[in-house]
Structure formats: C-alpha cells, structure tokens
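Results of the structural survey
For reference, the chains in residue letters:
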Amino acid sequence: MALDNPSTYYTITKKYDLHYSDLEEDIDVDVVIIGGGFTGVNTALELAERGIKDVAILEANYLGFGGSGRNGGHVMAGIGHDLETIQKDVGPEGLQAIFEVSDLGARLIKERIAKYNIPADYQDGYGYLGFNKRQGKLLRQWTKEFQSLSPDVEISYLEGRDVQSIVGSDFYTCALKHMGNGHVHSLNLLLGSAQAFTDIHGGRIYENSPALEVRYGSKIFVRTAKGSVRANKVLWACGAFLDRMEPEIHKSTVNVYAFNSVSEPLPDSVIERISPIRGAFSDITPIIDYYRVTRENRLLYGTCGQVFEYVPGDLKKWIHKKLLRLFPYLKDIKIDLAWGGPMECTFNRFPQVGSLVEHPNVFYVQGYSGFGVTPSHVIATVIADAMTIGSNVWDVMRSIPHRTIPGKDNFRSLVVSLGKVALHLNAYRIGRR
Ligand SMILES: Cc1cc2nc3c(=O)[nH]c(=O)nc-3n(C[C@H](O)[C@H](O)[C@H](O)COP(=O)(O)OP(=O)(O)OC[C@H]3O[C@@H](n4cnc5c(N)ncnc54)[C@H](O)[C@@H]3O)c2cc1C
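Residues numbered from 1 in each chain as written. Predicted model: local features only at pLDDT ≥ 70, side-chain atom pairs only at ≥ 80, totals over all residues. Heavy atoms only, no water.

What follows is about a nonpolar patch on the surface. Taken together, the side chains of Val-307, Val-421, Leu-425 and Tyr-428 make up a nonpolar region of the molecular surface, amounting to roughly 350 Å² of accessible area. Tracing the backbone shows Val-421 in helix 12 (residues 412-430). (Patch = residues over 30% accessible without salt bridge, like charges linked within 9 Å, V, L, I, M, F, W, Y side chains within 5 Å. Areas by Shrake-Rupley, 256 points an atom, 1.4 Å probe, with all protein chains shown as cover. Salt bridge = Lys/Arg side-chain N within 4 Å of Asp/Glu carboxyl O. Helix = DSSP H or I, 4+ residues; strand = E, 2+ residues; numbered from the N terminus.)

See the structure below:
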C-alpha cells in the first residue's frame, strides 16, 4: 500500500473533496489529455486560459494518484537537473532560451495560487545544501546564476555556522539560500487547479477512466472501459505510469523509486531548530535527501533511496534512520506515515517534450526524473503554446534527442543501480559530490 495506492501527507490533509465521474459516453473534443497529474491538469488549464476550453482529461485512477500527489512539494528553480547535459544538443542560443524560462516555475505557481485562491500553503524559503568544498564552489556559481535571473529576490551563499540560520543540521558546511523558491501542498495545488479548469473554464475531467486503446490519425480515438473520446490532438501525460501504452516514448525512460515520510506534529521549538525560515531543503548530490516543514509543524522528509535500487521493507523505520544522520536530535519523534512511488527518469535527467514524428497531433511530456513539481508548471505553458501558436522554447526542447534505455523492463533494478553509480562518479567531476 505504501507504494501502490498510498495514504500520504497530502491525502490526509487535503482541503478539497473533489471527485469526477468516469466517462460513460462517446464524446468529441478538441484536445484529450491522458493523465491527471500536474502535467495533464496544468496543460489543460493553460489551454483554457488561452481560450481552448474544449479539453477533456482522462485519469486512470484519481487526480494526484501519481507523483503529483506523492512528492515533497518542493518549489525549486530550473527545469532538469543539469543544463550542461543538453548543451551539446541545443547549442548556446537554445540553452539561453531554456535558461530564460527555467526559472519561471515558482512565479507561475504563486500566480496560480493567487488567481484561483487555492489553499496550497505556499511558503517561501529554500536551501540547496552541500557538505564539502567542491559543492561549495558549485553553490557559489549557482548563486550568481540565480541572482542574474532574479535580481530582486534574496539569494545568498552561506558557509560555516551561517548555514544554521536556515537549517539546523551540523551535516552541512555550505548552502544557497533562495527566498524566491519554497514549498507547497502539492495535492491542494493540483486539485485547486483542476477545479479552476472545470468550474471556471468549463473543462471536463473523468476519473477512474483509463485510456485502454489509443488510435492515431487526423482524428485521435481513445477508448475507455465505458466510453470513448474523439479529439484533434492528444497529450500523453502519464508520468511513471505509462506502462508501455505508447511504445515510442516508453522506451526512453526508466522508473526509479523515491520515498517520503511525515512526522507527527512537532513543537514550535523543534520546528524552529530544524529550520528557522520554515523552508524546504535538498542536498545537491545525485541521490538527494530532501525535506521541509509543513504548516502543521510536521517534518516531511524524503529520499531518493540508495545507490543500490531497492524498496525497503519497513519504510518508516528505514527513513527515520536516514533522517537521523542529519538531525540526531529527532531520535524520539514518531513517523506518522511513509510512502513512495516511481519517478520516470531519462538518460540525461532532462524532461522529454515533443510530438510524434509521424503524428504531429500526438504530444507528450515525460521524464521529469524526480524534479517535476515546478517544471511541470513551466512545461505546461510550453505545450499549450505548442498546441496553439508554437514557440521557440518548444522547438528547442523538442529537438533534444531521446536515448533508449536498454534493459529497462527486464533488468530495471540493475539498470537503475548502474545509472546511479555513473551519476555519482560524474557528480565528483561537476561538483555535486
Ligand atoms: C515519492 C516522490 C517524491 C517526489 N518529490 C518531488 C519533489 O519534492 N519535487 C519535485 O519537483 N518533484 C518530485 N517528484 C516528482 C514529481 O512529483 C513528478 O515529476 C510530477 O508530479 C509528475 O507529474 P505528471 O503529471 O507528469 O505525472 P503523475 O503525477 O504521475 O500523473 C500521471 C497520471 O497519469 C495517470 N495515467 C497513467 N496511465 C493512464 C492511462 N492509460 N489513462 C489515464 N490516466 C493514466 C496516472 O494514474 C497518474 O495519475 C517526486 C515523485 C515521487 C514519486
């Protein structure tokens, strides 16, 4: 249950009781979106805001069933983990185009929350953390880059004891403090956006309606168990749950498991010791620890596992042990819930965005590689532009080649473990370790 259909911090604290019926008829729409996570819902809302309101979302389970309802809620800068991995594919001008949109996500999320009055507990304050000189050098470089993108935001590099002004852990020796990033209740954000799409813009959402068969052509045909959709365009937005439904895009991602937990509510004094700015944090290694405090004074702590890919038996105990490395003074706290889920990762850990060569009306987004909360808000604008007026960023992003990941279906754990080793080795070179 902790992985298949989990109770999470978000499901137990959500403020919406929002349910949509399943599809029980044959409908005709302009755009059909398969998948009701951030990618699907954000794109639907972006389209509606551009005047394309004849849009239907099909969700196999319920909104937020996937990564969008299981994540850490971190609102961070950028799209993709390292822009240098796509430099050779897009050239300097392409890189500049992506760099310019890459930092828009936090602003888009804050604007969305304000515009539709979504109770998503947004809190400013983010720390990117390091524990050696190499990482300090990289964080100093990032500080300059972030400052150039957002000159009005408090962004600073911290070292030594100053790190404790944002996070109460002796583990770290350096940090980038970014007060334009932060954290959010992702399920409330998702549900509030979905409600805006249906109730304000007249869009349609069907839950418990998996796409069972999809046929391409000038008209797309999607069959569900009790109905069907005919549409001019389709967007695949299934994240790690695509499960071979679209073979061309299936082959270039591999699922990697990440885990999350939430503590019991803690006294104010403990929360302020964990983080005086009540922020969100992650280290900059390839297999990160990431955590934040919540509005109810809980510690929401997550990790991308170990180098060797496996799912721990007692998730709560395993996670608690991991967090004690960073916060030994939390040994007596109770972990209320632990859960996890798959994240679809790409070879370059950059999201894949495009349309099928033979079927230009078939769009897809996948491969956030564990970093999708903020990027999905930016990429939804890119897809909505692509479906309407086109854009330079769309052309650049879709030009990035996708590499097939061999052995991903039959030897997933081995492939992922080898991938993590390679990432670790590369991390020494680029300063992430
Ligand atoms: C444990 C965990 C922690 C994470 N932490 C963070 C974090 O702190 N910060 C961050 O930026 N990112 C994080 N991520 C990643 C981030 O949550 C995802 O990248 C993002 O939510 C992906 O959104 P999505 O809409 O593309 O996919 P999803 O949210 O997974 O949605 C895909 C949806 O498609 C549906 N679907 C699948 N097949 C079909 C079908 N045939 N028909 C209809 N519907 C279908 C699924 O049911 C699912 O609801 C985390 C992920 C996990 C799993």
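Picking up where we left off.
Looking now at the packing of aromatic side chains. Centre distance and the angle of the planes are the two values used to describe a pair of aromatic rings. Evaluation of the coordinates by the stated rule reveals 17 aromatic pairs. When the centroid spacing of 6.4 Å and the interplanar angle of 80 degrees are considered together, the rings of Tyr-310 and Trp-318 count as edge-to-face. On the basis of relative accessibility, which here comes to 14%, the residue Trp-318 falls in the buried class. With a centroid separation of 5.7 Å and 40 degrees between ring planes, the pair formed by Phe-363 and Trp-394 is classed as tilted. Residue Phe-363 is found in strand 17 (residues 359-366), and its partner Trp-394 is found in helix 11 (residues 392-398); the two are separated by 31 residues along the sequence. Since its relative accessible area comes to 5%, Phe-363 is described here as buried. In this structure an aromatic cluster arises from ring pairing among Phe-281, Tyr-291, Tyr-301, Phe-327 and Tyr-329. (Phe/Tyr/Trp six-rings, centres within 6.5 Å; stacked < 30°, edge-to-face > 60°. Buried < 20%, exposed > 50% of the residue type's maximum accessible area, 1.4 Å probe, protein only.)

Turning our eyes to something else, we now look at the site of the ligand. Near the ligand there are 36 residues, and of these Thr-39, Glu-59, Ser-68, Ala-211 and Val-373 occur at the shortest range. The side chain of Thr-39 places a nitrogen or oxygen atom 2.7 Å from an oxygen atom of the ligand. Gly-72 has a polar backbone atom sitting 3.1 Å from an oxygen atom of the ligand. Protein burial of the ligand: of its 1000 Å² of free accessible surface, 96% is covered by the chains. If you tally residues by element for the shell around the ligand, the top one is strand 15 (residues 335-345), at three residues. Here the residues of the shell around the ligand sort into 17 nonpolar, 17 polar and two charged. (Near = heavy atom within 4 Å. Polar contact = N/O pair within 3.5 Å; in protein donor to acceptor, adjacent residues only side chain to side chain. Nonpolar A, V, L, I, M, F, W, Y, C, P; charged D, E, K, R; others polar.)

One can describe the packing of helix 4 (residues 105-116) onto helix 6 (residues 186-200) by two numbers: an axis separation of 10 Å at closest approach and a directional angle of 55 degrees. Here helix 4 is positioned oblique relative to helix 6, judged by the angle of their axes. In terms of crossing hand, the pair formed by helix 4 and helix 6 is left-handed. Here Ile-109, Arg-112, Ile-113 and Tyr-116 of helix 4 lie close against helix 6, whose contacting residues are Leu-189, Ser-193, Ala-196 and Ile-200. Grouping the amino acids of the contact of helix 4 with helix 6 by side-chain chemistry returns six nonpolar, one polar and one charged. (Axes fitted to C-alpha atoms, helices over the stretch in contact; angles between N-to-C directions. Parallel < 35°, antiparallel > 145°, perpendicular 65-115°, else oblique. Left-handed = near helix turned anticlockwise from the far one by under 90°. Contact = heavy atoms within 4.5 Å.)

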